[in-house]
Amino acid sequence: MFRRSVVTDGTAAGQVGIKKNLRSPGVMITQFIETLPEGKSHPDFTRKPIALTIQEGKFAFFKAIVTGDPQPTVTWSRNNGDVSDTSRYQTKYDPNSNEHTFEMPNVKPDQADTYKCFATNEFGQAIVTVVLNVIEVGFKKNKVQQQPAEAVGGNFKTVLKRKSKIRPKAEQPERKEGEIDPKFWELLISAEKKDYERICSEFGVTDFRWMLKKLNEMKKEREEEQAAFVKNLSNLKPIEVNPDGIASFEIDMDLIDPSSSIFIYKDGVMVPYTKELGDQMKHSLKQVGRKYIFSVRDLMPDDAGLYQLDVGDVNMFSTDFKIPMVDFLVKIQEVKAIEREDAVFECVLSNPFSKILWFGKNLPLEQGDKYDIQVSEDKLIHRLVVKDCMVVDKGIYSACAGIKSCNAWLIVEADKDAPKGKKSARKTTRAGGSGVDLQKVAQEQQAKLEKDREERKEQIKVAKEAAAAAPPPESPPATAGVKTEAPKPKPKGVKEPADSPVVEVASTGQPVPVPVPVQVPVPVQVPVPVPEAGARERLDQPLADAGGEPGITCGLSDIYALRGNPAELSVKMNMDRDGSWFKDGEQLNSGAGVNIKKDGTSHKLTIQSCRDDDSGVYRFVSGDQNTQGKVTVGDVPEFDPDDLHKFSKPVIIRVGQNAAFKMPFPPQESLVVSWFRDGTEIKDGGGVKIVREPNHSRLLLRDCLRTDAGEIKIQLKNPFGAVEATSQLIVLDRPGPPEGPVETVETTSSIIEIKWNPPKDDGGSAVTNYIIERQQAGQNLWTKLGDVSADKTSFRDRNVTHGKKYNYRIYAENPEGLSDTLETTDSIMAGIMILSGPPGAPKVVSATKSCIKLTWSPPEDDRGVPIIGYQLEKRKKDTNQWIALNAVKEPIEDVNYAVKDITEGAEYEFRVSAINESGSGDPSPPSEMVCAKNPNMRPCFKDPEDFIVVRAGNSVRIKICYEAEPPPQITWLKDDEPISPWFHIVNTEGMSQLVIPSSKRSDSAIYTIKAKNSVGEASFDIEVRVTDEPKTPGPVELEQTVQGKVVISWAPSPDEELDDRLYYMVSQRDSNTRMWKTVADRLFTKTYTAINILPGIEYHFRVYAKNDMGLSDPSQSPTWGVNNNRVPISSNGVNSTNVCFERPPSILVPLKVHTPPKGYQLYMTCAVRGCPTPTVSWYLNDVCINFDNNYYITNSFGVCSMFILRVRQQDSGNYKVVAVNSLGKAECSTKLIVKD
């Protein structure tokens, strides 16, 4: 459903306009009629124009694609102006892409406006609105002169321009002393609470309570302003550099008006961007749902600054982009690691950097269980440790420091030594690294930075001396010099930034710029001496001008003094003049540990031995000139000697266990506690847990590896200095493998002596001994030879065989277990190498296109070493390369071989060499050149079938294989006549096939195949009979000509004339047995005489027609028996009686004794009768064997048989047959004796 409203504009008289939003959001559609005709549609936009922010003088354009039937007419307009000037506005249409383009070449600032695109046809109208923003370039003097006049006239809309609250540096007014930079508040409003302290420290704000109070007021005002443009604002992500080298920040916001203008500023200057061409410009703003992403490509140092996103005239988000001046001295390198091993990436920076960004496969990496991020104490060396590498960790890893980055591959290889189907054990080794001495590079860079600092200090000193020595000018200009005033109080909560540059003023009154040294963190030594008073100069006091007025040239600064040490405060003036010293408002005089001295223009106050009551604010006053500084007395942190002694004891654990360190200390203010391992600071996270309490600190290292072993150091640091305590972490593990390679000291026919080097890593405890194992080359079994003590790194093997090769491996053992093995790279032979002489030249036994059979004779001289086999080589004609057909480790054991790796038609020669324990000997002379082809031969057929029977309707396939060289010509005949074209003949190499798709009885014939080549010819006949199951024979008649015999006759089957292989079968059943049995088979006549026909018994007969396909349905005979030719007999009053045929079982034919030889067949039989039919069981030594698979037992009409395919010795014994029915039981037995 959509909302409807009647409109009056844009419709004809009597029409009803229906406004609705369809398909594309932001498109207003007016439908002129209530119901659209079938197949017709009102206009709509499939592609809307996109809002554009562009620089003055560029080419601006809007594109739109519309649909509708009939084709809509597209027009353009603007809210405040006309678009009829063709020199400034051009409308185009591309019929191929169906795009309507509105172009503005050399766009001007007055063309910035809201534009509308209209699509109209007779059924409706579609309207879309788009905004064009134009950024002015340059300074237009005449325009600036016109602005005041326009303002007076009251037309403030044309005077006011779109500006950011943060003005560009060139336009920023000079701030008064103590005034806070507006940039401070813009950053705080958009920052998270955890960043407040950092921002305040950066801008010198110390009163947090005042700052939070004012910030809350500003946030409330800003939220009220934002509510006019956005419904919701969330997920403010500060600007940062991504792995692809693009800097971006993100913000989620729901705009109340989707067409609201969005502006981007950098340091108060509007940044040009466009949404449509975002991937091609340096700055781009993309919208994904409610998320807006601003990106900066091709980063340069000039891209640093404050970025702001405004909607309308309200700021939504501010973020500061800082680009440190740092580069990579040593970049990360490619790492190849084995599965379950740690991988290390490391780099060295040109300047100290507290934290760089690490990325893995374009995803940021953080300290945790999987990744360990380490930073050296001097913050120059940075490491990333990928723990427990798996195959899924493979990919590109990168390190980003500011706008500089480097990347490298991590390649993870499968552990070949891991057991199949099981996960390999966690490894304690590390792969990777830079391959250079990072500590040396960092020390050289640290020395270079220190040298640069000293040079800057020297420059400052020279500049000061030059300023002090310069004579004052005779007549200084009125503007020269600095007006001397009393220091003004600073606003509450604001202090001078620590990094603010210092400007020295010479006696001439002209400011002399002094280079400001770059602040580089320097490692604190133990103990750290604190400089005396006057360590840092400050110019918060008035400066002397060049007119001869008294002034202070070097004032006081805040210092920290060690308790019990002297401290000195020094003030220099531009002329010789008296002054007074004050402490906390009370005047000081020499005496009581304080010495005040004046030397010309220099005034000094010395505290001979600092005490706690010497702390305070000291002030020097000379006339109306004054300067002050704060003195704080304290001590360097210290440890209790007992705690220090306890902490210094090493912590010894095993691999996989946790290590814990605890260090108590007196509670102090401004105390910074840091933990280090081998000089690298340890951060909390992952497997590291650091707990900081007021009076102690604890370090917990979980699941330690061997690489975690080293020096553990805790550092306490305060403004007065630092103190350190050191301990050792020893992680016990099995030792590393002995260092290779294994060297051969001596090898003779009876001795092999080897040596190696101790392992680099003894696992934290001394190696106790080495274990040596040996394997003979070509075998899989490793045998332990023995062990040697840890002080020996050699072994002599005396149990070797001359000429044989051996492999050795060595283990190092300590109390924690065995190390990985060190193996010999190549097999070591006992004694010198003795190779066999050449065998006889190979001889060709036979050659075909796929196989060449060769034979050769053994070498005449085996040189006393047994031959274990041969190596055969081949060489193709017109080539010089001999190719081995078998490896030396896979010798040919016989003196003949069938070569199958050949190409048909190519010519080859062969040679052979004998192989013994020393290797392959001299090759034999080459054989004769032989061609890989079949020899000429007369065609011959291989195992053909001469008779095939196929059911009518099925396909006939006659497949004949043959051998012939050259290939013969094949011909097929049917009854010596050419075959029908409907038959298919398929000829392939060595085979011919005749296919009859759908056979008929008429296809029965003698088929002949003839094969003929230049050597001779051959032929073969195949009889094919196509038939079907025969039809039932005709009616059956019975006739008795002789007593006890019945002549059975029948009419022939209709198929008898079509099938000369048709015959008949007769079955008989009588009333006694009541079972059908075959009495005659393969009858080619239509009569049969049944014998033993007894009176008083009923007989039934069936006649079947039979051929190669099977039996026909039977033809039934009439019943023959008691009812036929019966002669009535008078009973003469005698009553008849019923006759019962039931009887107990009886043995008609008993079992016989058998004595077959072992492995022969045995057939044992007997005859049993009984009514009802008895159940027959067979027994061997009184154990039933009816269900034993070794015996095949049958019972056919009382004839019981047992068949044994191959008689075994265990088949000997007593066999018994037991027949049982309801009337009784009968049995017979025999003995079976198996001969050997």
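The shown structure was predicted, so the numbers you read here are calculated from the model rather than taken from an experiment. Per-chain numbering applies: the sequence of each chain, read as written, is numbered from 1 onward. Residue-level local features of this predicted model are given only where pLDDT is at least 70; pairs of side-chain atoms are given and counted only at 80 or more, and the full residue set underlies all totals for whole chains, interfaces and linings. Computation of side-chain values covers all heavy atoms of the structure but excludes hydrogens and water.

Draft legend 1. Quick peek at the packing of helix H4 (residues 196-203) against helix H5 (residues 208-226). Across the interface, H4 lies against H5 with an axial gap of 12 Å and an inter-helix angle of 110°. Taken as axis vectors, H4 and H5 run roughly perpendicular relative to one another. Taking contact as the criterion, the partners of Tyr196, Glu197 and Cys200 in H4 are, on H5, Phe208, Met211, Leu212, Leu215 and Lys219. In the contact of H4 with H5, the residues fall into six nonpolar, no polar and two charged. Only C-alpha atoms enter the line fits that serve as axes; for helices the fit covers just the stretch in contact. Angles between N-to-C directions range over 0 to 180 degrees. Numbering of helices and strands runs from the N terminus; a helix is a DSSP stretch of H or I covering at least four residues, while a strand is a stretch of E covering at least two. Any angle that falls under 35 degrees is termed roughly parallel, while one over 145 is termed roughly antiparallel, one within 65 to 115 roughly perpendicular, and all others oblique. Contacts were defined at the residue level, with two residues in contact if any of their heavy atoms lie within 4.5 Å. Each residue gets one label: Ala, Val, Leu, Ile, Met, Phe, Trp, Tyr, Cys and Pro are nonpolar, Asp, Glu, Lys and Arg are charged, and the others, such as Gly, are polar.

Draft legend 2. Fine view of a positive patch on the surface. Patch membership needs two things, relative accessible area over 30% and no salt bridge, and members are linked within 9 Å if like-charged or within 5 Å if nonpolar (Val, Leu, Ile, Met, Phe, Trp, Tyr). Surface accessibility follows the Shrake-Rupley procedure with a 1.4 Å probe radius. Residue values consider only the protein chains on display as shielding. Each reported salt bridge corresponds to a side-chain nitrogen of Lys or Arg within 4 Å of a carboxyl oxygen of Asp or Glu. Under the counting rule used here, the positive set is Lys and Arg, the negative set is Asp and Glu, and His together with the chain ends is not counted. One atom stands in for each charge, and that atom is NZ of Lys, CZ of Arg, CG of Asp or CD of Glu. There is a patch of like positive charges on the surface, built from Lys646, Lys649, Lys662 and Arg698. Its location among the elements puts Lys646 in helix H7 (residues 641-648).

Draft legend 3. Focus on the sheet that holds strand E37 (residues 594-599). Spatially, E32-E34-E38-E37 is the arrangement adopted by the four strands of the open sheet, whose pairing is antiparallel. Strands with a single pairing partner mark the edges of an open sheet, and in this sheet they are strand E32 (552-554) and E37. Averaged over all pairs of adjacent strands, the angle between their axes in this sheet comes to 25°, without regard to strand direction. Two strands qualify as a pair provided that DSSP identifies no fewer than 2 bridges between them.

Draft legend 4. Expanded view of the environment of Ala247. One can find Ala247 in strand E12 (residues 247-255). Remark: exposure states derive from per-residue accessible area (1.4 Å probe, protein chains only) relative to the maximum for the residue type, with buried under 20%, exposed over 50%, and partly exposed in between. In this structure Ala247 comes out as buried when scored by relative accessible area, which is 0%. Sequence separation of Ala247 and Val296 is 49 residues, and the distance between their C-alpha atoms is 5.2 Å. Excluding residues that lie within four positions of it along the chain, Ala247 makes contacts with Ile239, Glu240, Val241, Phe294, Ser295, Val296, Leu299 and Phe321.

Draft legend 5. Quick look at H5. Here the expected length of a helix is defined as 1.5 Å per residue gap, with one fewer gap than residues. Relative to the 27 Å expected for 19 residues at 1.5 Å per residue, H5 spans 26 Å between its end C-alpha atoms, a close match to the ideal helical length. Within H5, the full set of buried residues consists of Met211, Leu215, Arg222 and Gln226. In an axial view of H5, the angular spread of the buried residues amounts to 35°, which keeps them on one side of the axis. Pointing more than 90 degrees away from the buried face of H5 are the exposed residues Arg209, Lys213, Lys220 and Glu224. Considering only its buried residues, H5 is in contact with helix H3 (182-190), H4, strand E11 (230-241) and strand E19 (314-321). Here the arc refers to the directions that run from the helix axis out to each C-beta atom.

Draft legend 6. Fine view of the side chain of Asp303. For Asp303, the location among the structural elements is in the loop between strand E17 (291-296) and strand E18 (305-311). Here Asp303 falls in the buried class, since its relative accessible area comes to 6%. Excluding residues within four positions of it along the chain, Asp303 makes contact with Lys266, Lys282, Val296, Asp298, Phe321 and Ile323.

Draft legend 7. Spotlight on the pattern of salt bridges. Taken as a whole and assessed by the stated rule, the structure comprises 56 salt bridges. Close ionic contact of Glu103 with Lys92 constitutes a salt bridge, the shortest N to O distance being 3.4 Å. Taken together, the residues Glu103 in strand E8 (residues 99-104) and Lys92 in strand E7 (residues 90-94) connect sequence positions 11 residues apart. Lys92 sits in the partly exposed class, given a relative accessible area of 44%. When the shortest N-O distance is used, the salt bridge between Lys874 and Asp901 registers 3.6 Å.

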